[in-house]
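Observations on the model geometry
Below are the chains, spelled out letter by letter.
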Amino acid sequence: SSPAFPLNIVTMSFALKPVQPPEKTIGNFRYTLLTDEWVESYAECHAMVWTSSNAISATVGITYEQYLPYARILGKHAAEERLSLVCIDIERQKVIAFAVSDDLKAKPLTGLETLDPKFEIHWHFTNQIEDPFRGSHAALPYGTMIHGNVGGVLPEEQYRSHGILNNLAKYSIPYFWALGYTLHFGVCTHPATQHMCRKMGSEKMAELFFKDFEYNGTRPLESIKSPASAILYLSRVKRIYALQHEHEDSDEDHPRTSLDHICDTPIPDLEHTRDVNEERWILGE
C-alpha cells in the first residue's frame, strides 16, 4: 500500500562528516551547541518558556516544577545528539533561548514514566499526529531527516527585538545541511511558528484539531482556540538554507527579522478558525 505521506524526492544517504558546530557571539549573546555544560540552564529556560506560553501545557495544568524533570531528560538527550543550539546571556551566564532538534531515528527518551501523569495527555496528542508520519518514513537512514522538537526564548523584555529565535534557525540550518540532512519536520502548536513555516513554503503533512482530540473519553484540549490545531510541517533543508542566504544582506542591516516581527504581532482569538478563509489568514496564505 502507498505510504501515508508520499514524497516525490530522491533520497540520498550521507555519512556524517566531521563538521564544526555553530559558535557565534553577537553583543551579549552567545549562540552555541547544547552540551552537558548547559543542560541544567537549558532545562530551567525550557520549563519557564513552556509553562508560560505553550497552549497544551497550560491547558492541562503542568507547572514549572512538574515540567523541569522532563526538560532535563530532553536536555541530556539533546546533548548526546549534538544537533541543538542554545543562546546564552553572557553577563548572566544562563541559557535564555533554545532550538532543540534530533534525528528521525534517534533513540527514544528514557525516564518518562517518572513524570507527572498530566504529561500523558501531551504524549498521546503528539503521538497521534507524529506516529503515522514517522512510520511512513521509517526506512530513511540516520542522518537524512531531522526533527525540530522544541524552541523558544525567555519572555523577558530585554530579550525581545534581538532576532534571537531567527538567529538560532540561521545558525542551525547550515549546520544540518553540512551534516548531510536533507529534510526537516516538526509539529507546530503556536500561531507564530505555523505562520513562519507557511512563509518558508513548508508542506503541511498532517493536522490535528485540538477540539477533536480525545483522551480517555474526554476532549481535554477543546478550550484551545488559537491556533485551532497542531500542524506537522515538512521542509527541505536546502530550500531553507537558500532562503537564508537570499536575505543575508538585508538581515545584517535589519537585525529585527521576520520571526521576531511575527512573534511580537498579537494573534486574534478567532472563534471560527475551521472556516477555510479564517484558517488561511492565520497561516499567512
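Anything mentioned here points back to the structure above.
The text that follows walks through the structure, step by step, so that each part is easy to find. Values in this document were obtained by computation on a predicted structure and should not be read as measured data.

1. A word on the overall build of the chain
Within the chain, the regular secondary structure consists of 10 helices and eight strands. Considering the chain as a whole, with its 285 residues, one finds that 46% of them fall into the buried category. Sequence separation of at least 24 residues holds for 81% of the intrachain contacts in the chain that already meet a minimum separation of 6. Roughly 14,300 Å² of accessible area belongs to the chain as shown, and the carbon and sulfur atoms make up 52% of that amount.

2. With respect to the pattern of salt bridges
Oppositely charged side chains can pair when the atoms bearing their charge come close. In this structure the tally under the stated criterion is 10 salt bridges. With a closest N to O distance of 2.9 Å, Glu40 and Arg72 form a salt bridge. Of this pair, Glu40 sits in helix 1 (residues 39-53) while Arg72 sits in helix 3 (residues 64-81); the two residues are 32 residues apart in sequence, bridging distant segments of the chain. For Arg72, a relative accessible area of 30% translates into the label partly exposed. We note a salt bridge from Lys107 to Glu80, for which the minimum N-O separation is 3.3 Å. With a gap of 27 residues between them, Lys107 in the loop between strand 4 (94-103) and helix 4 (119-136) and Glu80 in helix 3 connect regions that are remote in the sequence. Residue class for Glu80 comes out exposed when judged on its relative accessible area of 53%.

3. With respect to unusual backbone geometry
Residues Ser226 and Pro227 are joined by a peptide bond in cis, for which omega reads 0 degrees. Mapping Pro227 onto the fold places it in the loop between strand 7 (203-209) and strand 8 (229-236). The backbone of Arg82 sits at a positive phi, close to 60 degrees, despite the residue not being glycine. The topology assignment puts Arg82 in the loop between helix 3 and strand 3 (85-89). A positive phi angle is found at Ser161, which is not glycine, with a value near 65 degrees. Among the secondary structure elements, Ser161 is positioned in the loop between strand 5 (145-153) and helix 5 (164-179). Exposure remark for Ser161: the relative accessible area of 38% places this residue in the partly exposed category.

Rules of the game
- Residues numbered from 1 in each chain as written.
- Predicted model: local features only at pLDDT ≥ 70, side-chain atom pairs only at ≥ 80, totals over all residues.
- Heavy atoms only, no water.
- Helix = DSSP H or I, 4+ residues; strand = E, 2+ residues; numbered from the N terminus.
- Buried < 20%, exposed > 50% of the residue type's maximum accessible area, 1.4 Å probe, protein only.
- Contact = heavy atoms within 4.5 Å.
- Areas by Shrake-Rupley, 256 points an atom, 1.4 Å probe, with all protein chains shown as cover.
- Salt bridge = Lys/Arg side-chain N within 4 Å of Asp/Glu carboxyl O.

From the geometry alone we can't say anything about function, so treat these as descriptive.
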